[in-house]
Amino acid sequence: RDAISEATLRFLGELNCAKAGINFLAENYKDNQGIIRVNTKFVDEVKVALASIKEIASERVTFDVIKASGNIGKLK
């Protein structure tokens with residue numbers, strides 16, 4: 001969560017981060033997969049920010065966007 005917040009803040013800046021309205025839905029996190037809620041106008045920008053994360057706590061990571069939907073219920 002912290003790495004995602006830092007990457008989006010670094011890529012989007014404070015103003016666009018606020019406009020993107022990024023929310024982490026912790027109750028939907030399971031098996032290294034989770035749901036991030038974001039304003040539809042900023043989906044592509046958040047994907048780029050996620051792709052820029054290469055390491056978390058000295059461990060190499062990659063983010064793969066599996067699905068994107070306008071409805072959280074469809075993702076579950």
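This report concerns the structure included in the present document. (Residues numbered from 1 in each chain as written. Predicted model: local features only at pLDDT ≥ 70, side-chain atom pairs only at ≥ 80, totals over all residues. Heavy atoms only, no water.)

Re the nonpolar core
Right, so step 1: Listed in full, the ten residues of the largest apolar core are Ile-4, Ala-7, Leu-12, Cys-17, Ala-20, Ile-22, Phe-42, Val-46, Leu-50 and Ile-53.
Right, so step 2: Looking at this core element by element, the count peaks at five residues for helix H1 (residues 2-20).
Right, so step 3: Excluding residues within four positions of it along the chain, Ile-22 makes contact with Thr-8, Cys-17, Ile-36, Arg-37, Val-38 and Val-46. (Core = buried A, V, L, I, M, F, W, Y, C linked by side-chain atoms within 4.5 Å. Buried < 20%, exposed > 50% of the residue type's maximum accessible area, 1.4 Å probe, protein only. Helix = DSSP H or I, 4+ residues; strand = E, 2+ residues; numbered from the N terminus. Contact = heavy atoms within 4.5 Å.)

Regarding H1
Turn by turn, an α-helix covers 3.6 residues, leaving residues three or four places apart pointing in a common direction.
Right, so step 1: Between its first and last C-alpha atoms H1 spans 16 Å; for 19 residues at 1.5 Å apiece the expected length is 27 Å, and the helix comes up short by more than 12%.
Right, so step 2: The sharpest bend along H1 reaches about 110° and sits at Gly-13.
Right, so step 3: Among all positions in H1, only Ile-4, Ala-7, Thr-8, Leu-12, Cys-17 and Ala-20 are buried.
Right, so step 4: Next to the buried residues of H1 lie strand S1 (23-30), strand S2 (33-37) and helix H2 (43-51).
Right, so step 5: Once H1 finishes, Gly-21 follows within two positions and takes phi at roughly 60°, a positive value. (Expected span 1.5 Å × (residues − 1). Bend = angle between axes of the 7 residues up to and from the residue.)

Concerning the packing of H1 against H2
In helix packing, the relevant descriptors are the interaxial angle and the interaxial distance, both defined with respect to the helix axes.
Right, so step 1: Running from N to C, H1 and H2 cross one another at 120°; their axes reach a closest spacing of 9 Å. Here H2 runs oblique to H1, going by the angle between their axes. Relative to H2, the crossing made by H1 is right-handed. Here Ile-4, Ala-7, Thr-8, Phe-11 and Leu-12 of H1 lie close against H2, whose contacting residues are Glu-45, Val-46, Val-48, Ala-49 and Leu-50. (Axes fitted to C-alpha atoms, helices over the stretch in contact; angles between N-to-C directions. Parallel < 35°, antiparallel > 145°, perpendicular 65-115°, else oblique. Left-handed = near helix turned anticlockwise from the far one by under 90°.)

As for H2
Right, so step 1: By the burial criterion, the buried members of H2 are Val-46, Ala-49 and Leu-50. Take H2 and look down its axis: the buried residues cluster within an arc of 100°, on one side only.
Right, so step 2: Taken together, the buried residues of H2 touch H1 and S2. (Arc of directions from axis to C-beta.)

Looking at the environment of Val-46
Right, so step 1: Mapped onto the secondary structure, Val-46 falls in helix H2.
Right, so step 2: Since its relative accessible area comes to 5%, Val-46 is described here as buried.
Right, so step 3: For the pair Val-46 and Leu-9, spaced 37 residues apart in sequence, the C-alpha to C-alpha distance is 9.9 Å.
Right, so step 4: Those residues in contact with Val-46 that sit more than four places away from it in its chain are Thr-8, Leu-12, Ile-22 and Val-38.

Side note on the environment of Val-65
Right, so step 1: Its location among the elements puts Val-65 in the loop between strand S4 (59-60) and helix H3 (72-75).
Right, so step 2: By relative accessible area, Val-65 is classed as partly exposed at 45%.
Right, so step 3: Separated by 18 residues in sequence, Val-65 and Lys-47 place their C-alpha atoms 7.4 Å apart.

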